[in-house]
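Spelled out, the chains give:
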Amino acid sequence: QVQLVESGGGLVQPGGSLRLSCVASGSTRDITVMGWYRQVPGNERELVATITRGGATNYPDYVKGRFTISRDNAKATVYLQMLSLKPEDTAVYFCNAGVGPYAEAWGQGALVTVSS
């Protein structure tokens, strides 16, 4: 099993930046792809970014160029650097990890609020 704990959420003004961290524990050697998703109450959870063990990244258009995902395999940690934040980026951000071929793990979520 893998456990994920996010940190770094908070309140930021539009145009500001924030960095989220997610530390994995447990069977971390079984982790494959890691990623970030976000969810606004009443909406479906949506993809923010993913990164493979080798460092290949993927972003949807609505964050491309503003958000950067990175990971430190030795520390079993994945990061999300968010720049030029907009009010519509306000959401609960969840860390996700693929575990082995069939399982996945989710963190508890970190609230990001972009508001003046």
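Residues numbered from 1 in each chain as written. Predicted model: local features only at pLDDT ≥ 70, side-chain atom pairs only at ≥ 80, totals over all residues. Heavy atoms only, no water.

*Asks:* With reference to specific residues and values, describe the overall build of the protein.
*Replies:* Looking only at helices and strands, one finds zero helices and eleven strands in the protein. When the helices and strands of the protein are placed in sequence order, the string is β-β-β-β-β-β-β-β-β-β-β. Scaling as 2.2 N^0.38, a compact globule of 116 residues should have a C-alpha radius of gyration of about 13 Å, and the protein matches this with 13 Å. When the 116 residues of the protein are sorted by exposure, 41% land in the buried category. Within the protein, contacts between residues at least 6 apart in sequence are counted, and of these 52% link residues at least 24 apart. (Helix = DSSP H or I, 4+ residues; strand = E, 2+ residues; numbered from the N terminus. Rg over C-alpha atoms; globule rule 2.2 N^0.38 Å. Buried < 20%, exposed > 50% of the residue type's maximum accessible area, 1.4 Å probe, protein only. Contact = heavy atoms within 4.5 Å.)

*Asks:* Can you explain the sheet that holds strand 8 (residues 77–82)? Please cite residues and give values.
*Replies:* Taken in spatial order, the four strands line up as 1-3-8-7 in an open sheet, and their pairing is antiparallel. Strands with a single pairing partner mark the edges of an open sheet, and in this sheet they are strand 1 (2–7) and strand 7 (67–72). Averaged over all neighbouring strand pairs, the angle between strand axes comes to 15°, with direction disregarded. Across six bridges, the pairing between strand 7 and strand 8 is antiparallel. Its bridge partner lying in strand 8, Asp72 is registered against Thr77. (Pairing = 2+ DSSP bridges. Axes fitted to C-alpha atoms, helices over the stretch in contact; angles between N-to-C directions.)

*Asks:* Help me get a handle on the state of the cysteines, residues and values and all.
*Replies:* Joining two cysteines, a disulfide is a covalent bond between their sulfur atoms. Under the defined criterion, the tally for this structure stands at one disulfide. The side chain of Cys22 participates in a disulfide bridge whose partner is Cys95; the two sulfur atoms lie 2.1 Å from each other. Disulfide Cys22-Cys95: the torsion about the S-S bond is -85°, which places it as left-handed. One end of the pair, Cys22, is in strand 3 (residues 18–26); the other, Cys95, is in strand 9 (residues 91–99), with 73 residues separating them in the sequence. Here the two residues Cys22 and Cys95 agree in accessibility, since each one is buried. (Disulfide = S-S within 2.5 Å.)

*Asks:* Talk me through unusual backbone geometry; I want residue IDs and the actual numbers.
*Replies:* For Ala76, which is not glycine, the phi torsion reads 50° and is therefore positive. Locating Ala76 in the fold gives a position in the loop between strand 7 and strand 8. In this structure Ala76 comes out as buried when scored by relative accessible area, which is 13%. The phi torsion at Ser84 lies on the positive side, around 45°, for a residue other than glycine.

*Asks:* Account for the packing of aromatic side chains, naming residues and giving values.
*Replies:* Under the criterion given, the structure shown has one aromatic pair. Between Tyr37 and Trp106, the aromatic rings sit 5.2 Å apart at their centres with planes inclined by 65°, giving edge-to-face as the arrangement. Of this pair, Tyr37 sits in strand 4 (residues 31–39) while Trp106 is found in strand 10 (residues 103–106), placing the two residues 69 residues apart along the sequence. Since its relative accessible area comes to 34%, Trp106 is described here as partly exposed. Arg45 extends its terminal NZ or CZ atom over the ring of Phe94, reaching a point 3.7 Å from the ring centre. (Phe/Tyr/Trp six-rings, centres within 6.5 Å; stacked < 30°, edge-to-face > 60°. Lys NZ or Arg CZ within 6 Å of the ring centre and 35° of its normal.)

Scope: geometric values only; no functional claims are made or implied.
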